[in-house]
Amino acid sequence: AQTVTQSQPEMSVQEAETVTLSCTYDTSESNYYLFWYKQPPSRQMILVIRQEAYKQQNATENRFSVNFQKAAKSFSLKISDSQLGDTAMYFCAFMISNAGGTSYGKLTFGQGTILTVHP
Amino acid sequence: DVKVTQSSRYLVKRTGEKVFLECVQDMDHENMFWYRQDPGLGLRLIYFSYDVKMKEKGDIPEGYSVSREKKERFSLILESASTNQTSMYLCASTPLGEGLTYNEQFFGPGTRLTVL
């Protein structure tokens, strides 16, 4: 079984500054994906960024980037130039790769981190 | 535009009532999921379905059942609602994957259920 741990229940940052959210995971699988999802007050889950475990290069999406440390099973999210619209709950999530069609795309989530961006 | 809809945003029910939460997707996805979201626990998988009439238990299936009679619709059923089932319920769908292909999971807006 897979587990995902987010040890920071809440974080805050000033607008335009940088913040890093932490995530660790545990698995015996070798092929998997890691994700960060954002859930704003509207409750709609939005995919922020994903990382394929077989790729050594860290994923980036505009102001969002990850630090993927496979050996340490760590997957942190860095938000640069924070904006008020980044205020949300952020979830780290894990998915086994669909080899053989057995994973069905199931996600295992961490506990979530509430991020507040202050003006 | 991809769309997953849930029948209610907010629902209030009484202990012992039978509750149906409906989820519909318009993307012809094979896989559908029901998650429960609680503070400090994140999202936990209740049940999922990989085809019509097919279902598999997730991590916390106790007290719940599901129905998938049509590909686009996946229902979560609380046979006899209890107060500890007060929670946010999220539905999601994703297409059938092949090999190591990644397929994004699309979420509905959630139903906040209160059981009194």
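Here the structure is a predicted model, which is why all the values come from computation and not from measurement. (Residues numbered from 1 in each chain as written. Chains lettered and ligands numbered in written order. Predicted model: local features only at pLDDT ≥ 70, side-chain atom pairs only at ≥ 80, totals over all residues. Heavy atoms only, no water.)

**Student:** When you look at the pairing of strand E10 (residues 88-96) of chain A in this model, what are you seeing that I'm missing?
**Tutor:** All names here are of chain A. Judged by how many residues are buried, E10 sits mostly within the fold: eight of nine residues are covered. Pairing analysis gives eight bridges linking strand E5 (residues 32-39) to E10, with the strands arranged antiparallel. Considered in E10, the bridge of Lys 38 is made with Tyr 90. Across three bridges, E10 lies against strand E12 (residues 113-118) in antiparallel orientation. Residue pairing for E12: Met 89 is matched across the bridge by Ile 114. Pairing of E10 with strand E11 (residues 108-109) involves two bridges; the strand directions are antiparallel. The residue of E11 that forms the bridge with Ala 93 is Phe 109. (Buried < 20%, exposed > 50% of the residue type's maximum accessible area, 1.4 Å probe, protein only. Helix = DSSP H or I, 4+ residues; strand = E, 2+ residues; numbered from the N terminus. Pairing = 2+ DSSP bridges.)

**Student:** Looking at this model, I keep getting lost on the interface of chain B and chain A. Mind explaining?
**Tutor:** A common way to report how large an interface is uses the accessible area buried once the components associate. Each partner contributes residues to the interface: chain B has 31 residues there, and chain A has 23 residues. Regarding the contact of chain B and chain A, the summed buried area is about 2,200 Å², with carbon and sulfur atoms giving 56% of it. Taken together, the connections running from chain B to chain A amount to zero salt bridges. For the pair chain B and chain A, the number of links is seven residue pairs in polar contact (both at pLDDT 80 or more). (Contact = heavy atoms within 4.5 Å. Buried area = accessible area lost by both parts, 1.4 Å probe. Salt bridge = Lys/Arg side-chain N within 4 Å of Asp/Glu carboxyl O. Polar contact = N/O pair within 3.5 Å; in protein donor to acceptor, adjacent residues only side chain to side chain.)

**Student:** Hey, could you run me through the sheet that holds strand E7 (residues 65-70) of chain B in this one?
**Tutor:** Sheet strands associate in pairs through backbone hydrogen bonding, adopting either a parallel or an antiparallel arrangement. All names here are of chain B. The strand order E1-E3-E8-E7 describes an open sheet built from four strands, whose pairing is antiparallel. In this open sheet, the two edge strands, each paired with only one partner strand, are strand E1 (4-6) and E7. Ignoring which end each strand starts from, the neighbouring axes of this sheet average 20° apart. (Axes fitted to C-alpha atoms, helices over the stretch in contact; angles between N-to-C directions.)

**Student:** Would you take a moment to explain the state of the cysteines for this structure?
**Tutor:** Any covalent bond linking the sulfur atoms of two cysteines counts as a disulfide. A complete count under the given rule lists two disulfides over all chains for this structure. With a sulfur-sulfur separation of 2.0 Å, Cys 23 of chain A is cross-linked through a disulfide to Cys 92 of chain A. In this structure the cystine formed by Cys 23 of chain A and Cys 92 of chain A twists about its S-S bond by roughly -70°; its chirality is therefore left-handed. Pair noted here: Cys 23 of chain A is in the loop between strand E3 (19-21) and strand E4 (24-26) and Cys 92 of chain A is in strand E10, with a separation of 69 residues, a long-range link. Per residue, the accessibility class of Cys 23 of chain A equals that of Cys 92 of chain A, and both read buried. Paired through a disulfide, Cys 23 of chain B and Cys 91 of chain B show a sulfur-sulfur distance of 1.8 Å. Between Cys 23 of chain B and Cys 91 of chain B the sulfur-sulfur dihedral comes to about -75°; the bridge is accordingly left-handed. Placement of Cys 23 of chain B in strand E3 (residues 19-25) and of Cys 91 of chain B in strand E9 (residues 87-94) is noted, with a sequence separation of 68 residues between them. For the pair Cys 23 of chain B and Cys 91 of chain B, a shared accessibility class is recorded, and that class is buried. (Disulfide = S-S within 2.5 Å.)

**Student:** For this particular structure, what's the right way to read the environment of Gly 110 of chain B?
**Tutor:** You can see Gly 110 of chain B is positioned in the loop between strand E10 (106-107) and strand E11 (111-115). With 41 residues separating them in the primary sequence, Gly 110 of chain B and Glu 69 of chain B have C-alpha atoms 21 Å apart.

**Student:** Got a minute to help me understand the pairing of strand E9 (residues 74-79) of chain A in this structure?
**Tutor:** Residue and element names in this part refer to chain A. Relative to E9, E3 runs antiparallel, the two being bridged by three bridges. When the sheet's bridge partners are listed, Thr 20 is paired in E9 with Lys 78. Summarising the sheet, strand E8 (residues 64-69) and E9 pair through six bridges and their orientation is antiparallel. Of the residues in E9, the one forming a bridge with Phe 68 is Phe 75. Hairpin geometry of E8 and E9 is characterised by an intervening segment of four residues between the two adjacent antiparallel strands and by a positive phi of about 55° at Lys 73.

None of the figures reported here should be taken as evidence of function without further support.
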